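One-letter residues, chain by chain:
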Amino acid sequence: MESIISVSNLKKSFKSHAVLKGVSFEVKRGGIFALLGSNGAGKTTTINILATLTKADGGRASISGYDCFAQKSSVKKSISLTGQYATTDGLLTGRENLILIGKLKNIKNPKKTADELLKKFNLVEAGDKLSSTYSGGMKRRLDIAMSLIGDPDVIFLDEPTTGLDPQNRLAMWELVKEMQSSGKTIFLTTQYLEEAEALANYIAILHEGKIAAEGTAEELKSMFPSGKMKITFDDDPGIIEKLKNAGLKALNVEQERPSLEDVFFATIGHEKGGNGDV
């Protein structure tokens, strides 16, 4: 597949703190790309540069063939961005939020588009209620519905399931997969490693200002083949003594492949955490 996003040697500092020190990667058209990294690694900064919201200090970046620095208006028409927190207007109904975005993007029939998106995102019954009354999961669905207006090529989702309960997280996963199946390219950042593994076709790990590792989930796991080893012995109260004397035979030996969590923490050089957050 052709690349729809191309990033080369991207650099960004805030005062004396260098956040991006030469980041390079490619995103294939129609795929789900996940950018992982510890808090403060520069994931949101990367997205903001690509979305033309933040100026880079150096490097090159393009989306759909448009230069992110020299052709900002064309880039903006090709993308949508859903941040970590819902950006709906609580004083407007769900329908009114959608119609407003449609008018701002100059689409032909914003009311019809609003009706279609309310149905698609299971918000018909709530469509005429103030969005301030929506649950967290409903607000996120409305937020993503708004991001689809104007038919963007690339959808940036910056930690889209932050703050959602497990049921709404799974529902959001299905929405992301559905958007990809309709031909959209998804650029995802997430603090949940299992989310990246469940959704992404390709994963890049951002560490110390550069891409430290990248590939499919299986390719990343194959970089660290020495996972845990399980050895099963027969039931014997003297097992420790027998082990010391090398007098006990193993009944079974299994080599476990590392998880994506193992790969992540090995890549950034930290001890493995307990909750999978990055």
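Residues numbered from 1 in each chain as written. Predicted model: local features only at pLDDT ≥ 70, side-chain atom pairs only at ≥ 80, totals over all residues. Heavy atoms only, no water.

**Points about the sheet that holds strand β4 (residues 58-63)**
Working step 1: Across the sheet, four strands lie side by side as β2-β1-β4-β5; this open sheet has antiparallel pairing. Pairing within the sheet leaves two strands with one partner each, and these edge strands are β2 (17-28) and β5 (66-67).
Working step 2: Across five bridges, the pairing between strand β1 (residues 3-14) and β4 is antiparallel. When the bridges of β4 are listed, Ser6 appears paired with Ser62. (Pairing = 2+ DSSP bridges. Helix = DSSP H or I, 4+ residues; strand = E, 2+ residues; numbered from the N terminus.)

**Points about the packing of aromatic side chains**
Each aromatic ring pair is characterised by the separation of its centres together with the angle its planes make.
Working step 1: For the structure on display, the rule yields five aromatic pairs.
Working step 2: Judged by centre distance (6.3 Å) and plane angle (20°), the rings of Phe33 and Tyr202 are stacked. Placement of the pair is Phe33 in strand β3 (residues 32-37) and Tyr202 in strand β9 (residues 202-207), with a sequence separation of 169 residues.
Working step 3: For Tyr202, a relative accessible area of 30% translates into the label partly exposed.
Working step 4: On the basis of an interplanar angle of 50° and a centroid distance of 5.1 Å, the ring pair of Phe156 and Phe187 is categorised as tilted. Separated by 31 residues along the polypeptide, Phe156 in strand β7 (residues 154-158) and Phe187 in strand β8 (residues 185-189) bring together distant segments of the chain. (Phe/Tyr/Trp six-rings, centres within 6.5 Å; stacked < 30°, edge-to-face > 60°. Buried < 20%, exposed > 50% of the residue type's maximum accessible area, 1.4 Å probe, protein only.)

**Brief notes about the nonpolar core**
Working step 1: With 43 residues, the main nonpolar core has Leu36, Leu98, Phe121, Leu157, Met179 and Ile203 as its most contacted residues.
Working step 2: Once residues within four sequence positions are removed from consideration, Phe121 is found in contact with Arg141, Ile144, Ala145, Leu148 and Leu175.
Working step 3: The next biggest cluster of nonpolar side chains, apart from the first, holds 28 residues, and it includes Val7, Val23, Ala61 and Leu206. (Core = buried A, V, L, I, M, F, W, Y, C linked by side-chain atoms within 4.5 Å. Contact = heavy atoms within 4.5 Å.)

**A short note on the environment of Phe156**
Working step 1: Residue Phe156 is classed as buried on the basis of its relative accessible area, which comes to 0%.
Working step 2: In this structure, the C-alpha to C-alpha distance between Phe156 and Phe187, residues 31 residues apart in sequence, is 4.8 Å.
Working step 3: Non-local contacts of Phe156, meaning those with residues more than four positions away in its chain, are made with Ile5, Ile47, Leu50, Ile63, Ile79, Ser80, Leu81, Thr82 and Phe187.

**Some thoughts on empty space enclosed by the protein**
Working step 1: Applying the stated criterion to the full structure yields one cavity of 30 Å³ or more.
Working step 2: What the largest cavity holds in volume is close to 40 Å³.
Working step 3: Of all the secondary structure elements, the ones that give two or more residues to the lining of the largest cavity are α5 (136-147) and α6 (166-181).
Working step 4: Broken down by element, the lining of the largest cavity gets its largest block of residues, four residues, from α6. (1 Å grid on protein atoms, 1.4 Å probe; cavity = no way out; pocket = protein on both sides within 12 Å on 5 of 7 lines; lining within 4 Å. Points joined across faces, edges and corners; volume = space filled by probe spheres on them.)

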